[in-house]
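A look at the structure
Here are the chains, one letter per residue:
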Amino acid sequence: MFEVTKEERQSEAAVAVGAWGKSLSRRVFDILRDSGISCELTLPDGYTKRFGDGAPKFQIILRNSDALKAISSLNEMRIAESYLRGDIDLEGDLLQSFELRNRLVDSSPVVSVWRFLEPLVFGQIKTNRRAIASHYDVDADFFMSFLDRETPSYTQGVYIDDNETLAAATIRKFDYCFEALNLKPGDHILDIGPGWGAWLEYASARGVKCTGITISQESAVYLRGKAAKLGYDWSIELFDLLEYQPKDRFDAIVIMGVIEHLPQYGLVAEKFRTLIKPGGRIFLDGSASKKKYDVAKFLVKYIYPGNHSYMVLHDFIKALTDTPLRVVELYNDRHSYFLTARQWARNLDSNYAFIKDKFGEDVYRRFRLYLWGTAYQFQSGGLDCYRMVIVHPTSQ
């Protein structure tokens with residue numbers, strides 16, 4: 001509760017709060033006013049207050065008293081969960097709305113403790129399986145509602161023009177990957193986490209033999225069906241990378257957007273060494289942060305559970321230096337990942353009716369926050385994205 005002083009009423013920045021507004025923390029209005037962003041806040045009684053100059057970029061709509069309590073907490077998780085329940089709605093430019101996130105507290109003690117306790121209790125491999133199943137073991141139609149249908153790849157494309165299509169950017173990335181790995185017909189590659197087979201299809205069409213390992217049952221079923229339909233002899237195996245022990249080594253390894261699920265870099269680097277032939281190459285990419293396990297609690301609870309982490313580049317390269325493996329190419333694709341995530345979010349929004357009818361409003365809202373939030377993080381520099389080529393020297 002708070003009172004509006006006489007001076008505040010007279011100020012141009014004064015807030016006419018009404019009966020519902022008096023239940024809000026004064027800090028909510030201060031944050032919106034001081035952010036410099038043009039936006040609107042609508043209270044449960046319909047009263048709307050505009051902040052900033054010009055046409056509002058987005059609107060925050062509070063539906064009930066629970067929404068008032070959530071937003072007054074300034075707790076990111078509580079506000080997100082209020083949005084998931086439909087107590088809070090967001091309309092307009094969600095990229096702009098995420099500018100307010102840095103003014104919130106990201107606190108959820110139970111989530112923070114359990115994400116590290118789970119692998120200690122159940123082991124890393126079981127934790128990985130549960131985490132991947134919770135995200136990926138969904139009907140492929142859901143992911144096709146926001147990925148590019150021509151090239152369903154769940155990692156960034158490589159853009160040279162902000163206005164080109166995601167399909168064009170993805171094919172450019174595949175071209176780069178194929179050339180960087182020095183692939184030729186007859187080579188045998190391992191795809192770690194092949195998703196919905198976009199890269200496998202690309203490589204197979206160029207005469208490359210493909211093996212894929214996944215811990216998503218849904219992905220494995222989808223890929224085997226796709227291989228049969230296309231007439232390709234893909235070997236799709238249900239294995240966690242850390243327990244995978246094939247009979248033969250591979251000419252090349254592709255791991256796109258999976259390193260975030262493999263936080264034990266020392267074990268990963270050693271596994272790479274055992275899987276790749278001397279002279280062979282590895283293509284790896286992933287979203288990256290400066291600090292290990294620096295993941296929003298919302299993502300841990302609702303998107304990627306477990307102790308998964310954005311890649312920390314210096315830690316990962318340090319792990320590689322403890323093996324014969326060496327990085328020979330390294331690029332920062334942050335802007336390309338922003339463009340990719342933004343397109344995914346736009347696709348999701350355009351397929352709202354389909355997603356709501358088949359998968360539910362809660363699933364749509366969960367991924368809407370995730371995809372627009374991810375796009376904002378890449379746009380603002382909160383996240384980086386690296387792609388690299390790693391070689392196993394023939395002399396060692």
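The notes below deal with the structure included here. (Residues numbered from 1 in each chain as written. Predicted model: local features only at pLDDT ≥ 70, side-chain atom pairs only at ≥ 80, totals over all residues. Heavy atoms only, no water.)

Considering the nonpolar core
One finds Leu41, Ile60, Leu62, Phe142, Phe146, Tyr154 and Trp344 to be the most contacted residues of the largest nonpolar core, which totals 68 residues. Residue contributions to this core peak at 10 residues, all from helix H18 (residues 361-380). (Core = buried A, V, L, I, M, F, W, Y, C linked by side-chain atoms within 4.5 Å. Buried < 20%, exposed > 50% of the residue type's maximum accessible area, 1.4 Å probe, protein only. Helix = DSSP H or I, 4+ residues; strand = E, 2+ residues; numbered from the N terminus.)

Things to note about the packing of aromatic side chains
What the rule picks out here adds up to 31 aromatic pairs. Ring centres of Phe174 and Trp199 lie 5.5 Å apart, and the angle between their planes is 70 degrees; on these two criteria the pair is classed as edge-to-face. Highlighted residues: Phe174 in helix H10 (residues 166-180) and Trp199 in helix H11 (residues 198-204), separated in sequence by 25 residues. According to the relative accessible area criterion, Phe174 is buried, its value standing at 1%. When the centroid spacing of 6.0 Å and the interplanar angle of 85 degrees are considered together, the rings of Tyr304 and Tyr370 count as edge-to-face. Within this pair, whereas Tyr304 is found in the loop between helix H14 (297-302) and helix H15 (313-321), its partner Tyr370 is found in helix H18, the two being separated by 66 residues in sequence. Against the face of Tyr265 rests Lys292, its NZ or CZ located 4.2 Å from the ring centre. Cation over ring: Arg387 sits above Tyr331, and NZ or CZ is 4.6 Å from the ring centre. (Phe/Tyr/Trp six-rings, centres within 6.5 Å; stacked < 30°, edge-to-face > 60°. Lys NZ or Arg CZ within 6 Å of the ring centre and 35° of its normal.)

Let's talk about the pattern of salt bridges
Tallied over the full model, the rule gives 21 salt bridges. Between Arg33 and Asp30 there is a salt bridge; the shortest N-O distance is 3.1 Å. Within this pair, Arg33 and its partner Asp30 are both found in helix H3 (residues 26-34), separated by 3 residues, close to a single helical turn. When its relative accessible area of 31% is taken as the criterion, Arg33 is described as partly exposed. Looking at Asp30, the relative accessible area reads 22%, which means it is partly exposed. Residues Asp89 and Arg63 are paired through a salt bridge, measuring 2.8 Å at the closest nitrogen-oxygen approach. Residue Asp89 is found in strand E4 (residues 88-92), and its partner Arg63 is found in the loop between strand E3 (58-62) and helix H4 (65-73); the two are separated by 26 residues along the sequence. According to the relative accessible area criterion, Arg63 is partly exposed, its value standing at 43%. Linked through salt bridges whose partners overlap, the residues forming this network are Arg63, Asp89, Glu361 and Arg365. (Salt bridge = Lys/Arg side-chain N within 4 Å of Asp/Glu carboxyl O.)

Concerning the pairing of strand E7 (residues 235-238)
Taken together, the 4 bridges between strand E6 (residues 209-214) and E7 define a ladder with parallel strand orientation. Opposite Thr211, over in E7, you have Ser235 as the bridge partner. As for the winding sense of the linkage, the β-α-β connection from E6 through helix H12 (residues 217-230) to E7 is right-handed. (Pairing = 2+ DSSP bridges. Right-handed = clockwise from strand over helix to strand, strands pointing away.)

Observations regarding the packing of helix H5 (residues 76-85) against H18
Remark: H5 packs on H18, axes separated minimally by 8 Å, with the N-to-C direction vectors making an angle of 140 degrees. By the angle class used here, H5 and H18 are oblique. Two packed elements cross with a definite hand, and for H5 against H18 that hand is right-handed. Every residue of H18 that contacts H5 at Ala80, Tyr83 and Leu84 is listed here: Arg365, Arg366, Arg368 and Leu369. (Axes fitted to C-alpha atoms, helices over the stretch in contact; angles between N-to-C directions. Parallel < 35°, antiparallel > 145°, perpendicular 65-115°, else oblique. Left-handed = near helix turned anticlockwise from the far one by under 90°. Contact = heavy atoms within 4.5 Å.)

A look at the sheet that holds E3
Hydrogen bonds along the backbone pair up the strands of a sheet, which may run parallel or antiparallel. Spatial ordering of the open sheet is given by E2-E1-E3-E4, a layout of 4 strands whose pairing is mixed. With one partner strand each, in any of the chains shown, strand E2 (48-51) and E4 form the two edges of the open sheet. Strand-to-strand twist of the sheet, defined as the mean angle between neighbouring strand axes without regard to direction, takes the value 15 degrees. Direction of pairing for strand E1 (residues 39-42) relative to E3: parallel, over a ladder of 4 bridges. Paired with Glu40 across the strands is Gln59, a residue of E3.

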